Protein chains: 2
Amino acid sequence: MNTATMTPSEIRRLIRDGRITGPTAGMCAGYAQANLVVLPKELAYDFLLFAQRNPKSCPLLEVSDTGERLLNTIAKGADIATDIPLYRIYRDGNLEQETTDISEYWRGDFVSFLIGCSFSFEAALLEADIPVRHIEEGCNVPMYRTNIPCTPAGIFHGNMVVSMRPIPMELIPRSILITGEMPRVHGFPVHIGSPERIGIHNLGQPDYGDMVTVRDGEVPVFWPCGVTPQNVVMESRPPFAITHAPGHMFITDIKNTLLKY
Amino acid sequence: MNTATMTPSEIRRLIRDGRITGPTAGMCAGYAQANLVVLPKELAYDFLLFAQRNPKSCPLLEVSDTGERLLNTIAKGADIATDIPLYRIYRDGNLEQETTDISEYWRGDFVSFLIGCSFSFEAALLEADIPVRHIEEGCNVPMYRTNIPCTPAGIFHGNMVVSMRPIPMELIPRSILITGEMPRVHGFPVHIGSPERIGIHNLGQPDYGDMVTVRDGEVPVFWPCGVTPQNVVMESRPPFAITHAPGHMFITDIKNTLLKY
């Protein structure tokens, strides 16, 4: 089956039925994918405020009603407890287990936060013939913890995580303009060229994902990353939280192009 | 004194000292102004969620910490209880009084929401020689209740309020592009040309503000308006709320241009 040309609702059904349990990169070309954070209502205000104060790393696409598994805006009727291929369950900030279905963990006080994903702007970069190295090399994007503090809110605090793409020098302005048009999926880069200035001391050793080749004439460019909220949730150690597993995203009904407007 | 060329902190000091108590239109050219809603913490989650779900009418520029009078982001150290020329106090959705200082009403459970204002994009329209009729005619912008429902959140619900500017037909595309660049101050129009389609049956009788002349060859263009959150607060009848008085805005340290990025 060609998952790139299937509709989001077709793919979500296969995920719900347990027939897709792997990463979602490349599925449903043209449609936005989203990061997930689920928290109990008593922590939801702090996290919603954290996202408002850190829109570059935590651009919210939808926040569910309390206890409501079905989404309303980015994928009407999708079930957040079953429609992601792989989830992670955290207690006190520690990863406890991974599971393909969180129905049995669902509680009436859960709130789901869906956060934009840079998969959307990568499609736009490729469209403009700007290379996306980890796609070329068939691996995960390299991600790094930085020394850039997020603005804290309530119990939530931590530094920004960034994703890195090596960009040919002459294409940097265009890559900034293209990603800058899409603030709901992280927008323009947070840093260009000097990893050590943002606390990254070994570019060859990403904290998440895989290293990619940086070629002669290319500069490492760093974008705010959707792993930031997961990282913040882990650092802030809430009693209970659920996220998606990295790369195993929620596929929305929203076309990437519409995220600009 | 020339309030257009003074700095935001100079003007805020005059406001704090009670020497400016009138509307702020035209003050501190180039700097963004903001709408205010103050609510007790127990209603803050619902309102923050309402704003997240209705970013066109309620674009948040800053949300204070609970009980904190001093702002941190859009005007570091400004006192939200004294630095607005005129406030409105509502009980159960009813306007109870207006006052120039809310210090004596301040409570440790208050949260302040600062919301973007279309004054910012009006400066950009004028810069591009697009007429802004209510500025030409020296009156308030006409505002109307519509039949466009906001997405509800918790106790908060209500229809969108829009502001209207008559735009010469040939300048409509440019006015859309300019305002579309500034989503944090309401962004592109929500409707163009047929007031009755959005529930406005008498263009000559705005629900707020003043009527302006619509000339031959001009079309009424409607933008989401910062009065929406006030209107929603009134319709939803929270036990207690404070807002700014219309036109008497909070002047931020943020340049309008920076709202684009």
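Before reading on, note that the structure itself is shown above.
Notes on the structure in this doc start here. Given the structure is predicted, the values throughout are model-derived calculations rather than measurements.

Some points on the overall build of chain A
Helices and strands together make up the secondary structure of chain A, namely six helices and 11 strands. In terms of its C-alpha atoms, chain A occupies a principal-axis envelope of roughly 55 × 45 × 35 Å. Classification of the 261 residues of chain A by burial places 56% in the buried group. Total accessible area on chain A stands at roughly 10,600 Å², and carbon and sulfur atoms take up 50% of it.

Considering the environment of Leu203 of chain A
All names here are of chain A. Position of Leu203 among the secondary structure elements: in the loop between strand S8 (191-192) and strand S9 (218-224). Sequence separation between Leu203 and Tyr144 is 59 residues; the distance between their C-alpha atoms is 8.4 Å. When near neighbours in sequence (up to four residues on either side) are disregarded, Leu203 contacts Tyr144, Met164, Pro195, Met211, Val214, Pro220 and Phe222.

Some words on the nonpolar core
If you look at soluble globular proteins, the nonpolar side chains tend to sit buried side by side. Counting residues in each nonpolar core, the largest one holds 65 residues, and the members touching the most others are Phe113 of chain A together with Phe113 of chain B. Setting aside residues up to four positions removed in sequence, Phe113 of chain A forms contacts with Asn35, Leu36, Val37, Leu39, Ala44, Phe47, Leu48, Leu60, Glu62 and Val63 of chain A.

Topic: the sheet that holds strand S6 (residues 143-149) of chain B
Residues and elements named next belong to chain B. Read from one edge to the other, the open sheet built from four strands follows the order S6-S7-S9-S8, with strand pairing classed as antiparallel. At either margin of the open sheet sits one strand with a lone partner, and together these are S6 and strand S8 (191-192). In this sheet, strand S9 (residues 218-224) lies alongside strand S7 (residues 159-168) in antiparallel orientation, the contact comprising seven bridges. When the sheet's bridge partners are listed, Pro166 is paired in S9 with Pro220. Where helix H6 (residues 227-236) meets the sheet, it contacts S6 and S7, and its direction lies at approximately 150° from that of S7.

With respect to the sheet that holds S8 of chain A
Residues and elements named next belong to chain A. Taken in spatial order, the four strands of this open sheet run S6-S7-S9-S8, and their pairing is antiparallel. Two strands bound the open sheet, and with one partner strand each, they are strand S6 (143-149) and S8. Sitting on the sheet, helix H5 (residues 172-180) is in contact with strand S7 (159-168), S8 and S9, with an inclination near 15° to S9. Packed onto the sheet, helix H6 (residues 227-236) meets S6 and S7 and runs at close to 150° relative to S7.

Some thoughts on the packing of helix H3 (residues 119-127) of chain B against helix H5 (residues 172-180) of chain B
Residue and element names in this part refer to chain B. Here H3 crosses H5 at 135°, and the two axes come no closer than 10 Å. With respect to each other, H3 and H5 are oriented oblique. Regarding H3 and H5, the two cross each other, and that crossing is right-handed. Judged by residue contacts, Phe121, Ala124 and Leu125 of H3 engage Ser175, Ile178 and Thr179 from H5. The class makeup of the residues in the contact of H3 with H5 is four nonpolar, two polar and no charged.

Conventions adopted
Residues numbered from 1 in each chain as written. Chains lettered and ligands numbered in written order. Predicted model: local features only at pLDDT ≥ 70, side-chain atom pairs only at ≥ 80, totals over all residues. Heavy atoms only, no water. Helix = DSSP H or I, 4+ residues; strand = E, 2+ residues; numbered from the N terminus. Buried < 20%, exposed > 50% of the residue type's maximum accessible area, 1.4 Å probe, protein only. Areas by Shrake-Rupley, 256 points an atom, 1.4 Å probe, with all protein chains shown as cover. Contact = heavy atoms within 4.5 Å. Core = buried A, V, L, I, M, F, W, Y, C linked by side-chain atoms within 4.5 Å. Pairing = 2+ DSSP bridges. Axes fitted to C-alpha atoms, helices over the stretch in contact; angles between N-to-C directions. Parallel < 35°, antiparallel > 145°, perpendicular 65-115°, else oblique. Left-handed = near helix turned anticlockwise from the far one by under 90°. Nonpolar A, V, L, I, M, F, W, Y, C, P; charged D, E, K, R; others polar.

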